[in-house]
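Fold and contact review
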Amino acid sequence: MRAEALIDLAALRGNIAALRERVGSAGVMSVVKADAYGHGAIPCARAALAAGASWLGTATPEEALALRAAGIGPDQAPVLCWLWTPGGPWREAVAADLDITVSGLWALPHVLDAVRAVGRPARVQLKADTGLGRNGAQPHDWPELVAAARAAEAEGLIKVTGVWSHFACADEPGHPSVTAQLDAYRSALEIAEAAGLRPEVRHIANSPATLTLPESHFDLVRTGLAQYGLSPVPEVGSPADFGLRPVMSLVARVAQVKRVPRGHGVSYGLTYTTPGETTLALVPLGYADGIPRHASSTGPVWLADKWRTVAGRVAMDQFVVDLGGDAVEVGDQVVVFGPGDRGEPTAEDWARAAGTISYEIVTRIGARVPRRYLEDGG
Ligand SMILES: *Cc1c(COP(=O)(O)O)cnc(C)c1O
């Protein structure tokens with residue numbers, strides 16, 4: 001085995017339990033888009049539901065349909081997806097009883113065509129743009145969208161199951177846009193309710209809002225990063241501060257060990273030169289596996305009981321570590337990142353080394369790295 005991502009499903013279940021406790025009577029939607037942020041959508045969705053998550057959420061309808069195809073039926077969990085383009089797949093989504101997010105008037109006719117073709121009503125959630133400026137309907141389009149949805153509901157074609165929105169700066173507690181978005185969201189809800197809609201779930205909170213802003217919890221929180229045990233607000237608190245434990249560890253086997261003289265260049269561009277006679281270890285992971293090239297000469301690994309730094313450039317399939325005077329053998333384990341409690345770096349450490357966020361570190365671990373699921377934390 002060259003390398004593998006170990007997925008600690010017991011940690012994921014514990015994280016869901018911690019989030020449930022935090023939100024009290026609100027439900028938890030387990031966000032499993034992008035293959036559960038690289039952790040594997042199907043096993044993570046199952047573990048999250050077993051731990052009491054009551055909804056699943058994905059970006060694309062294809063991701064949501066894959067959950068249904070794996071046997072997670074409407075009786076087990078409603079599934080919301082939110083990133084639609086005119087090509088759908090609208091009919092498949094209606095047939096699979098997905099919750100379809102409608103972010104603009106353009107989408108409603110597609111849903112209604114699918115309802116007539118499939119012969120059953122659709123579950124629809126309306127999304128308001130309360131300031132993020134990404135998806136969702138602007139305030140000036142909201143009353144018309146609400147009225148059209150209510151009319152379709154009155155005809156028995158759809159059921160409006162939710163009204164929701166998304167924060168821009170929840171990871172910066174105290175940012176003025178956060179309260180402005182909450183106010184705008186409450187206004188959007190009032191307009192929807194005045195038009196006669198009675199959504200089952202009202203939701204706006206992502207992981208950072210779930211952890212830092214209780215008044216954002218409403219009926220449901222949509223948590224991605226936090227359930228994978230990473231902190232969306234690393235300046236405010238570590239995972240442990242929030243009762244969370246990182247779910248993914250990335251490990252590899254040393255592929256080559258060799259002595260080299262002082263002054264030897266290392267990896268493309270020869271940006272690293274050995275400061276003395278030393279031992280180099282080759283780690284068989286590269287940017288094709290999601291190791292950021294931006295972490296060249298900065299990324300940390302745990303090898304032979306020490307924290308060490310990538311020597312020179314990260315290549316497509318491999319990078320090098322300078323061991324100084326230490327001894328390592330081919331086949332020894334390198335921990336690229338893990339929970340951090342045995343001294344190893346964390347995904348957050350890699351994010352800092354690469355100038356990005358931990359979301360990107362775990363999500364980009366490539367398909368070439370097999371995932372191994374640990375039920376008991378082992
Ligand atoms: C990704 C996403 C989430 C989850 O965000 P986290 O910060 O990872 O909790 C919630 N809602 C929407 C709309 C998203 O796209």
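Conventions we followed
- Residues numbered from 1 in each chain as written.
- Predicted model: local features only at pLDDT ≥ 70, side-chain atom pairs only at ≥ 80, totals over all residues.
- Heavy atoms only, no water.
- Buried < 20%, exposed > 50% of the residue type's maximum accessible area, 1.4 Å probe, protein only.
- Helix = DSSP H or I, 4+ residues; strand = E, 2+ residues; numbered from the N terminus.
- Contact = heavy atoms within 4.5 Å.
- UniProt positions renumbered as here; feature names shortened; annotations may be inferred.
- Pairing = 2+ DSSP bridges.
- Axes fitted to C-alpha atoms, helices over the stretch in contact; angles between N-to-C directions.
- Near = heavy atom within 4 Å.
- Polar contact = N/O pair within 3.5 Å; in protein donor to acceptor, adjacent residues only side chain to side chain.
- Areas by Shrake-Rupley, 256 points an atom, 1.4 Å probe, with all protein chains shown as cover.
- Nonpolar A, V, L, I, M, F, W, Y, C, P; charged D, E, K, R; others polar.
- Parallel < 35°, antiparallel > 145°, perpendicular 65-115°, else oblique.
- Left-handed = near helix turned anticlockwise from the far one by under 90°.
- Phe/Tyr/Trp six-rings, centres within 6.5 Å; stacked < 30°, edge-to-face > 60°.

1. Quick notes on helix H3 (residues 41-50)
Structural remark: α-helix, 3.6 residues per turn; residues separated by three or four positions point the same way. Of the residues making up H3, those classed as buried are Ala41, Cys44, Ala45, Ala47, Ala48 and Leu49. Where H3 is buried, its residues contact strand S1 (3-8), helix H1 (9-23), strand S2 (27-31), helix H2 (33-37), strand S3 (55-58) and helix H4 (61-69). Glycine 52 lies just past H3 and shows a positive phi near 105°.

2. Quick notes on the UniProt feature "active site" (unreviewed entry) in the protein chain
According to UniProt, the positions carrying the feature "active site" (unreviewed entry) are Lys33 and Tyr268. What stands out for the annotated residues spanning 236 residues is how far apart their C-alpha atoms range, the widest pair being 34.5 Å apart. Residue position: lysine 33 is located in helix H2. The exposure class of lysine 33 is partly exposed, given its relative accessible area of 25%.

3. Some remarks on the sheet that holds strand S9 (residues 220-223)
Think of a sheet as strands paired side by side through backbone hydrogen bonds, with each pair either parallel or antiparallel. Reading across from one edge, S8-S7-S6-S5-S4-S3-S2-S9 is the order of the eight strands in this open sheet, with parallel pairing throughout. The sheet is open, and its two edges are formed by strand S8 (201-203) and S9, each paired on a single side. This sheet shows a mean twist of 30° between the axes of neighbouring strands, independent of strand direction. Where strand S4 (residues 79-81) and strand S5 (residues 99-102) come together, two bridges link them in parallel fashion. Bridge pairing links cysteine 81 to isoleucine 100 in S5.

4. Some words on the pairing of S2
Remember that side chains alternate between the two faces of the sheet whenever the strand is regular. Burial analysis of S2 places five of its five residues in the buried class, the great majority of the element. Burial of the side chains of S2 extends over both faces: Gly27, Met29 and Val31 are buried on one face and Val28 and Ser30 on the other. Of the pairings in the sheet, the one linking S2 to S9 comprises four bridges and is parallel in character. Pairing of serine 30 across the sheet is with threonine 223, part of S9. Both S2 and S3 contribute to a ladder of three bridges, which runs parallel. Note that in S3 the partner of serine 30 across the bridge is leucine 56.

5. What about the site of the ligand?
Neighbouring the ligand are 14 residues, the closest being Lys33, Tyr37, Ser207, Leu225 and Tyr359. Within the contact set of the ligand, an oxygen atom lies 3.3 Å away from a side-chain nitrogen or oxygen of tryptophan 82. Tyrosine 359 has a polar side-chain atom sitting 2.6 Å from an oxygen atom of the ligand. When the ligand sits alone it has 390 Å² of accessible area, and the protein chains cover 94% of it. Elements that contribute at least two residues to the shell around the ligand include exactly H2, helix H9 (207-212) and S9. Partitioned by chemical class, the residues of the shell around the ligand number six nonpolar, five polar and three charged.

6. What to know about the packing of H1 against H3
Two elements in contact, H1 and H3, have axes whose closest approach is 9 Å; the angle formed by their N-to-C orientations is 45°. When the axis of H1 is compared with that of H3, the two are oblique. Like other packed secondary-structure pairs, H1 and H3 cross with a definite hand, here right-handed. Taking contact as the criterion, the partners of Leu9, Leu12, Arg13 and Ile16 in H1 are, on H3, Pro43, Cys44, Ala47 and Ala48. For the contact of H1 with H3, the per-class residue count stands at seven nonpolar, no polar and one charged.

7. Describing the pairing of strand S18 (residues 333-337)
S18 sits mainly inside the fold: four of its five residues count as buried. Bridging between strand S10 (residues 248-253) and S18 involves four bridges; their strand directions are antiparallel. Each residue of the ladder has a partner; that of arginine 253, found in S18, is glutamine 333.

8. What about the UniProt feature "domain: Alanine racemase C-terminal" (unreviewed entry) in the protein chain?
When the UniProt feature table is mapped onto this chain, "domain: Alanine racemase C-terminal" (unreviewed entry) is found at residues 247-374. In residues 247-374, helix accounts for 11% and strand for 34%; the two terminal C-alpha atoms are 10 Å from one another.

9. A few points about the packing of helix H7 (residues 142-154) against helix H8 (residues 176-194)
Packing of H7 against H8 brings their axes to within 9 Å, and their N-to-C directions diverge by 35°. The handedness of the crossing between H7 and H8 comes out as right-handed. Residues Trp142, Pro143 and Val146 of H7 lie in contact with H8, whose contacting residues are Ala188, Ile191 and Ala192. Considered class by class, the residues forming the contact of H7 with H8 number six nonpolar, no polar and no charged.

10. Quick word on the environment of proline 239
Among the secondary structure elements, proline 239 is positioned in the loop between S9 and S10. Spatially, the C-alpha atom of proline 239 lies 9.9 Å from that of glutamate 348, the residues being 109 residues apart in sequence.

11. Focus: the packing of aromatic side chains
Tallying each qualifying case throughout the model produces six aromatic pairs. Between the aromatic rings of tyrosine 37 and tyrosine 359, the centroid separation amounts to 6.2 Å while the plane-to-plane angle is 35°, which identifies the pairing as tilted. With tyrosine 37 in helix H2 and tyrosine 359 in helix H11 (residues 358-363), the pair connects residues that are 322 residues apart, well separated along the chain. Relative accessible area serves as the criterion here: at 7%, tyrosine 37 is assigned to the buried category. Overall, the relative accessible area of 26% leaves tyrosine 359 in the partly exposed class. Their ring planes at 75° and their centres at 6.1 Å tell us that tryptophan 90 and tryptophan 106 sit as a pair that is edge-to-face. A residue pair is termed long-range when its members are at least 10 positions apart, and tryptophan 90 in helix H5 (residues 90-95) and tryptophan 106 in the loop between S5 and helix H6 (108-118) qualify at 16 residues.

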